[in-house]
Amino acid sequence: MALVEIDNLTVEFGAKGDALRAVDGVSLSLSEGELVGIVGESGSGKSVASLAMMGLIDFPGRVSADRMQFDGQDMLALPQKERRAITGREMAMIFQEPMTSLNPCFTVGFQIGEALKVHQGGDRQSRRKRTLELLDQVGIPEPAQRMSAFPHQLSGGMSQRVMIAMAIACNPRLLIADEPTTALDVTIQFQILELLLSLQRERGMAMILITHDLGLVSEAAQRVIVMYAGQVVETGPVPGMFQQPRHPYTAALMKALPGEARGQARLETIPGVVPGKYDRPTGCLLSPRCKFATDRCKTAQPSLIGPDGRQVRCHTPLDADGRPT
Amino acid sequence: MLQFLLKRLALVIPAFFGVTLLTFALIHLIPGDPVLLMAGERGIAPERHEELRREMGLDRPMVIQYLHYIGGVFQGDLGKSLISKKPVMEEFLTLFPATIELSLCAMIFAVTIGLPAGILAAVRRGTVFDHSVMAVSLTGYSMPIFWWGLLLILLFSVQLGWTPVSGRISALYWVDTVTGFMLIDSLLSDEAGAFTSAVRHLILPSIVLGTIPLAVIARMTRSATLEVLREDYIRTARAKGLSPMRVIGLHALRNALIPVITVIGLQVGVLLAGAILTETIFAWPGVGKWLVESIGRRDYPAVQGGILLVATVVILVNLVVDILYGVINPRIRHTR
């Protein structure tokens, strides 16, 4: 049985009837130890979807799903208290901005130890020992000294390592990494990713890696989900999906990679921005920005179809040569 | 941290001098002559008038008077009251516990209600509770103390008869002064019921004096909490699976307290200023009432000394707050 089973997850903000759908019918299934990448532009609903999984969407946001299971448990039906017992222990999350994600008023040791205390209890001494182990595992030099450091004394990379230590403190079975390297220097980005991937392999954690970095996903993930304006537009196994993208949006994202532009004067871009609340198209959500859009695309919404594991939301999916069918 | 402290301490000195200069100048700017006021309606012979002025040192130039005064201050001598002939310091110290007691109770009232109300209003932002807290605190903030005090006396003391009108304790009890704090002294005395009486006398003045600080603290706590609740580390705390109680009461509050503590410190000045009115309304035998009376009598040394001592207390409290600020906020503690 899959570790995570999500069917038709929808997250809305704002008044009913006039709501903004940040996440629109997303389905996802994740096995134990699997690494899935979610890619898409800013505003495509990647982060909101993962926050919904963690149960961190607050009023006035509304989360609904036909099914949202973690390890066979219905997350939406669980009482708050039982759900919190899973959040932070069985599933953990790290965020985009490590520098602001740690509480400036508490020491690193306290913040890691707190996760242990809340979920596993134990005495102060054993928590301290475990915190030291964790700091060592995430590659923080002189962990004993770092225990009593405050977040403002750490660099961005160090802060992210602390965040990772905090997330893996209770040996979670699922780790959601929401653009874990976006705010870091390029050299540090690589180190943090290496760390995340090696931890994931060692511990056999399932991982959802949310990123802009297609290159990274193609190397690390077993499966990828491409999101656009709150919807899944294409999903499939890696590397197959990147070798032959079937959705024009995936293809356009690939073409926008700097590596693809060798010999060209200009990098290819996708014109326009992700539609917001007031300019949502009636047909395919990509139609105003898609160079292959037909009249049908402008009036009728395509649905996500295809064999299991290789689905695409397009009326005219691309063929092997990148031409619409 | 040490440098931070030294910097704060260095700032105390000019503040202290400023206060001496200001009180000295202000009191001498008020028209009126203590000798004439002392003489009253009978009047006084011009020769005797001059003689008394010379005795009191009022005939010398202002600058000399000020330097003389400052010289005394540095030796701990604030002069003698022109009226009672007792040292100002002594008079102040006898009355000050009453003011501290009142201000402390007012502050406790303001913090114990203002802080939770502000936090709850922030957590329940936009609800009826939030709006009512904000409306009530705005009203409280805008309420003139003397009027508010009279209204409360009219309702609770006159109409309902729940609380006494004025004073520190019922005339039925005789309590020996040990600490000067009526709550403690009444407990120490063997008079049954004295403590209850002292508490009942404290209720209304504390509420009146605490209303403005309460309003300020509630509003400040609300806005500070709202700001903090939007921070990334609150999301992190929730992602750890912490209970809302712990997220708000520990992770959010600790950060929200930083500006709130500063505001609470500033309210000490407001409290002592408010004490002047409150003590006058409730015939509370404290420093505030004494200052008002001394101004009426043009008792220069008493007013100068009193204001200087009150100002020193405010300066010291703010210094303590600055230190607390460093304790609460590690980012300040570690700046070099």
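Analysis parameters
Throughout this document, residue positions are counted from 1 along each chain, in the order its sequence is written. To label them, take the chains in the order written and letter them from A, then take the ligands in the order written and number them from 1. pLDDT decides what is reported in this predicted model: residues at 70 or higher carry local features, side-chain atom pairs at 80 or more are listed and counted, and totals for whole chains, interfaces and linings draw on all residues regardless. Numbering of helices and strands starts at the N terminus; helices are DSSP runs of H or I of at least 4 residues and strands are runs of E of at least 2. Exposed residues have 12 or fewer other C-beta atoms within 10 Å of their own C-beta, buried residues have 20 or more, and partly exposed residues fall in between, where C-beta atoms are placed from the backbone. Here, residue contact means that the backbone-derived C-beta atoms of the two residues sit within 7 Å. Note on definitions: a nonpolar core is a set of buried residues drawn from Ala, Val, Leu, Ile, Met, Phe, Trp, Tyr and Cys, linked by C-beta atoms within 7 Å. For two strands to be treated as a pair, DSSP must find no fewer than two bridges joining them. Ten residues, namely Ala, Val, Leu, Ile, Met, Phe, Trp, Tyr, Cys and Pro, are considered nonpolar, four, namely Asp, Glu, Lys and Arg, are considered charged, and the remaining ones, Gly among them, are considered polar. Fitted lines through C-alpha atoms serve as axes, helices being fitted only where they are in contact, and the angles separating the N-to-C directions of these axes extend from 0 to 180 degrees. The labels follow the angle: roughly parallel below 35 degrees, roughly antiparallel above 145, roughly perpendicular from 65 to 115, and oblique for the rest. Crossing handedness follows the turn of the near helix against the far one: under a right angle anticlockwise gives a left-handed crossing, and clockwise gives a right-handed one. The span you would expect from a helix comes to 1.5 Å times its residue count less one. Within this analysis, the arc is defined by the directions that extend from the helix axis to the C-beta atoms. The bend at a residue is defined as the angle formed between two axes, one fitted to the seven residues ending at that residue and one fitted to the seven starting there.

Asks: Would you explain the overall build of chain B in this entry?
Replies: A count of helical and extended segments in chain B gives 14 helices and zero strands. When the helices and strands of chain B are read in sequence order from the N terminus, they spell out α-α-α-α-α-α-α-α-α-α-α-α-α-α. The 336 residues of chain B split such that 36% are buried. Sequence-distant contacts, at least 24 apart, represent 72% of the contacts inside chain B between residues at least 6 apart.

Asks: Looking at this structure, I do not really get the environment of Ile13 of chain B. What am I missing?
Replies: Here Ile13 of chain B is to be found in helix H1 (residues 2-29). For the pair Ile13 of chain B and Ile264 of chain B, spaced 251 residues apart in the sequence, the C-alpha separation amounts to 22 Å.

Asks: Explain the nonpolar core to me, please; I cannot follow it from the model alone.
Replies: A general trend in soluble globular proteins is that nonpolar side chains are found buried together. If you look at the biggest cluster of nonpolar residues, it comprises 144 residues, and the most contacted ones within it are Ala52, Ala165, Ala167, Leu175 and Ile176 of chain A together with Ile217 of chain B. If sequence neighbours within four positions are ignored, Leu175 of chain A has contacts with Ala92, Ala167, Ile168, Gln200, Met205 and Met207 of chain A. Counting residues in hydrophobic clusters, the runner-up holds seven residues, among them Ile169, Val175, Ala198 and Leu202 of chain B.

Asks: Just checking my understanding: could you explain the pairing of strand E5 (residues 67-70) of chain A for this structure?
Replies: Residues in a regular strand point their side chains to alternate faces of the sheet. All names here are of chain A. Across the two faces of E5 the burial differs, with Met68 and Phe70 buried and Arg67 and Gln69 not buried at all. In this sheet, E5 lies alongside strand E1 (residues 4-13) in antiparallel orientation, the contact comprising four bridges. Bridged to Glu5 within E5 is Gln69. From the end of E5 to the start of strand E6 (residues 73-74), which pair antiparallel, there are two residues, and Asp71 there has a positive phi angle of about 55°.

Asks: What is the right way to read unusual backbone geometry from this model?
Replies: Positioned with a positive phi, Glu142 of chain A is a non-glycine residue whose angle comes to about 50°. Looking at where Glu142 of chain A falls in the secondary structure, it is placed in the loop between helix H5 (124-137) and helix H6 (143-146). Of note, Lys85 of chain B is a non-glycine position whose phi angle comes to about 65°, a positive value. Residue classification places Lys85 of chain B among the exposed residues on the basis of 7 C-beta atoms within 10 Å.

Asks: Sorry if this is basic, but what is going on with the interface of chain A and chain B here?
Replies: Size of an interface: often given as the accessible area lost when the parts come together. Listed per partner, the contact involves 25 residues of chain A and 19 residues of chain B. Mapped onto the side of chain A that touches chain B, the elements with two or more residues apiece are helix H2 (80-86), strand E7 (91-94), helix H3 (98-101) and helix H4 (108-120) of chain A. Top contributing element to the side of chain A that touches chain B by residue count: H4 of chain A, with four residues. Among the residues forming the side of chain A that touches chain B, the class breakdown is 13 nonpolar, eight polar and four charged.

Asks: How should I be thinking about the sheet that holds strand E3 (residues 35-39) of chain A in this particular structure?
Replies: All names here are of chain A. An order of E7-E8-E9-E3-E10-E11-E12 is seen for the seven strands of this open sheet, with the pairing classed as mixed. Two strands in the sheet have a free side with no partner beyond their single neighbour: E7 and strand E12 (311-312). As paired elements, strand E8 (residues 174-178) and strand E9 (residues 206-211) share five bridges and run parallel to each other. By the bridge assignment for E9, Ala177 is matched with Leu209.

Asks: Honestly, the packing of helix H6 (residues 128-142) of chain B against helix H9 (residues 194-229) of chain B in this entry has me stumped. Any pointers?
Replies: A pair of packed helices can be characterised by two numbers: the angle between their axes and the separation between those axes. Residue and element names in this part refer to chain B. Relative orientation of the contacting elements H6 and H9 amounts to 140°, with a least axis distance of 8 Å. Considering their axes alone, H6 and H9 lie oblique with respect to each other. The two elements H6 and H9 meet at a crossing, and its hand is left-handed. When H6 is examined against H9, the residues Val133, Ser137, Leu138, Gly140 and Tyr141 are found in contact with a partner set consisting of Thr211, Ile212, Leu214, Ala215, Val216, Ala218 and Arg219. Here the residues of the contact of H6 with H9 are counted per class, giving eight nonpolar, three polar and one charged.

Asks: It is not clear to me how H6 of chain B should be interpreted in this structure. Could you clarify?
Replies: Along an α-helix, a turn takes 3.6 residues, which lines up residues three or four apart on a common side. Residues and elements named next belong to chain B. For H6, which comprises 15 residues, the first-to-last C-alpha distance of 21 Å matches the rise-based estimate of 21 Å (1.5 Å per residue) to within 8%. Buried residues of H6: Val133, Ser137 and Gly140, and no others. One side of H6 carries all its buried residues, which in axial view fall inside an arc of 60°. Relative to its buried face, H6 has exposed residues pointing more than 90 degrees away, namely Val128, Ser132, Ala135, Thr139 and Ser142. Where H6 is buried, its residues contact helix H5 (88-123) and H9.

Asks: Please explain H9 of chain B as it appears in this structure.
Replies: Within H9 of chain B, the axis deviates most sharply at Gly210 of chain B, by approximately 45°, and proline Pro213 of chain B lies no more than four positions further along. Extensive coverage of H9 of chain B is indicated by the burial of 29 of its 36 residues.

Asks: Looking at this model, I keep getting lost on the packing of helix H7 (residues 145-159) of chain B against helix H11 (residues 244-281) of chain B. Mind explaining?
Replies: Residues and elements named next belong to chain B. Interhelical geometry of H7 versus H11 gives an angle of 35° and a closest axis separation of 9 Å. The hand of the H7/H11 crossing is right-handed. Contacts between H7 and H11 involve Ile145, Phe146, Gly149 and Leu150 from the former and Gly274, Leu277, Thr278 and Ile281 from the latter. Of the residues that constitute the contact of H7 with H11, the class distribution is five nonpolar, three polar and no charged.

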